[in-house]
Amino acid sequence: MSDRRTEILKAATRVIARRGVRGLRVGELATEAGVSTSLIYYHFTDRAGILRQTLQFISDRADHYTADEGPAPRTGDPRADLERVLLRELQDSIDVRENSTAWGELRASAVFEPSLREDLARTTHTWVHDIAELLARADPTGTAPAHAAAAERLTILVEGLSVRWLSGSLPLDHARRLLRSAVETELQR
């Protein structure tokens, strides 16, 4: 991906996190990214293209900050790997805060903008699938449907905890404790 395109996607994430999807204006995005509006249209064609590519950018960035360095080394403890990946969604860093806020804005906007739903569903499915695979490693005697259901519950919980933490209604350390407890509960089922 070109540096300009990446900078535009970073700027789009910031603008969506700050103003929401409905507040995303191409002119403001151009100013935030330090480029012309015509360059944005050149790279993304239209507003829907900006939103689709920003969603993918957010997903890719989350993959980066939840992954270990290198090509996916494991600790040897599948439960710890699962917990670590989920807890990395609750980090007090700029990238995680922007990602989580923009993700929530995109999800909320999909209620009113059906064009976002398919890409959001696909991205969510990938996340749930990845967590289900980690659950299968942590609980090899469980069934694939049980792992998929547990992954749904855990990813939904992460989204909810993130919203509460980011809105100031839940301290981060408490959100992390609740998530650890949920992982333990899912693995004991």
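Quick caveat: nothing in here was measured; it's all calculated off a predicted structure. (Residues numbered from 1 in each chain as written. Predicted model: local features only at pLDDT ≥ 70, side-chain atom pairs only at ≥ 80, totals over all residues. Heavy atoms only, no water.)

J.: Help me understand a negative patch on the surface, please; the structure alone is not making it clear to me.
T.: Where like charges cluster on the molecular surface, the negative patch consists of Asp60, Asp63, Asp130 and Glu133. Listed by contribution, the elements that provide at least two residues to the negative patch are α4 (47-66) and α7 (117-138). Along the chain, the position of Asp60 falls in helix α4. (Patch = residues over 30% accessible without salt bridge, like charges linked within 9 Å, V, L, I, M, F, W, Y side chains within 5 Å. Areas by Shrake-Rupley, 256 points an atom, 1.4 Å probe, with all protein chains shown as cover. Salt bridge = Lys/Arg side-chain N within 4 Å of Asp/Glu carboxyl O. Lys, Arg positive; Asp, Glu negative; His and termini not counted. Charge placed at Lys NZ, Arg CZ, Asp CG, Glu CD. Helix = DSSP H or I, 4+ residues; strand = E, 2+ residues; numbered from the N terminus.)

J.: Is there a simple way to think about the side chain of Asp119 in this case?
T.: Residue placement: Asp119 occurs in helix α7. Not counting residues within four places of it along the chain, the set of residues in contact with Asp119 comprises Arg52 and Leu55. (Contact = heavy atoms within 4.5 Å.)

J.: When you look at the packing of aromatic side chains in this model, what are you seeing that I'm missing?
T.: One pair of aromatic rings is described through two measures. These are the centre distance and the angle between the planes. Enumeration over the complete set of coordinates arrives at zero aromatic pairs. Sitting over the ring of Phe112, Arg22 keeps its end group 4.6 Å from the ring centre. (Phe/Tyr/Trp six-rings, centres within 6.5 Å; stacked < 30°, edge-to-face > 60°. Lys NZ or Arg CZ within 6 Å of the ring centre and 35° of its normal.)

J.: Explanation requested: the pattern of salt bridges in the structure shown.
T.: Between side chains of opposite charge, pairing is possible as soon as their charged atoms come close. Tallied over the entire structure, the rule returns 20 salt bridges. Linking Asp81 and Arg137 is a salt bridge whose minimum nitrogen-to-oxygen distance equals 3.0 Å. Taken together, the residues Asp81 in helix α5 (residues 78-87) and Arg137 in helix α7 connect sequence positions 56 residues apart. The exposure class of Arg137 is partly exposed, given its relative accessible area of 31%. (Buried < 20%, exposed > 50% of the residue type's maximum accessible area, 1.4 Å probe, protein only.)

Spatial relationships are all this shows, so hold off on functional conclusions.
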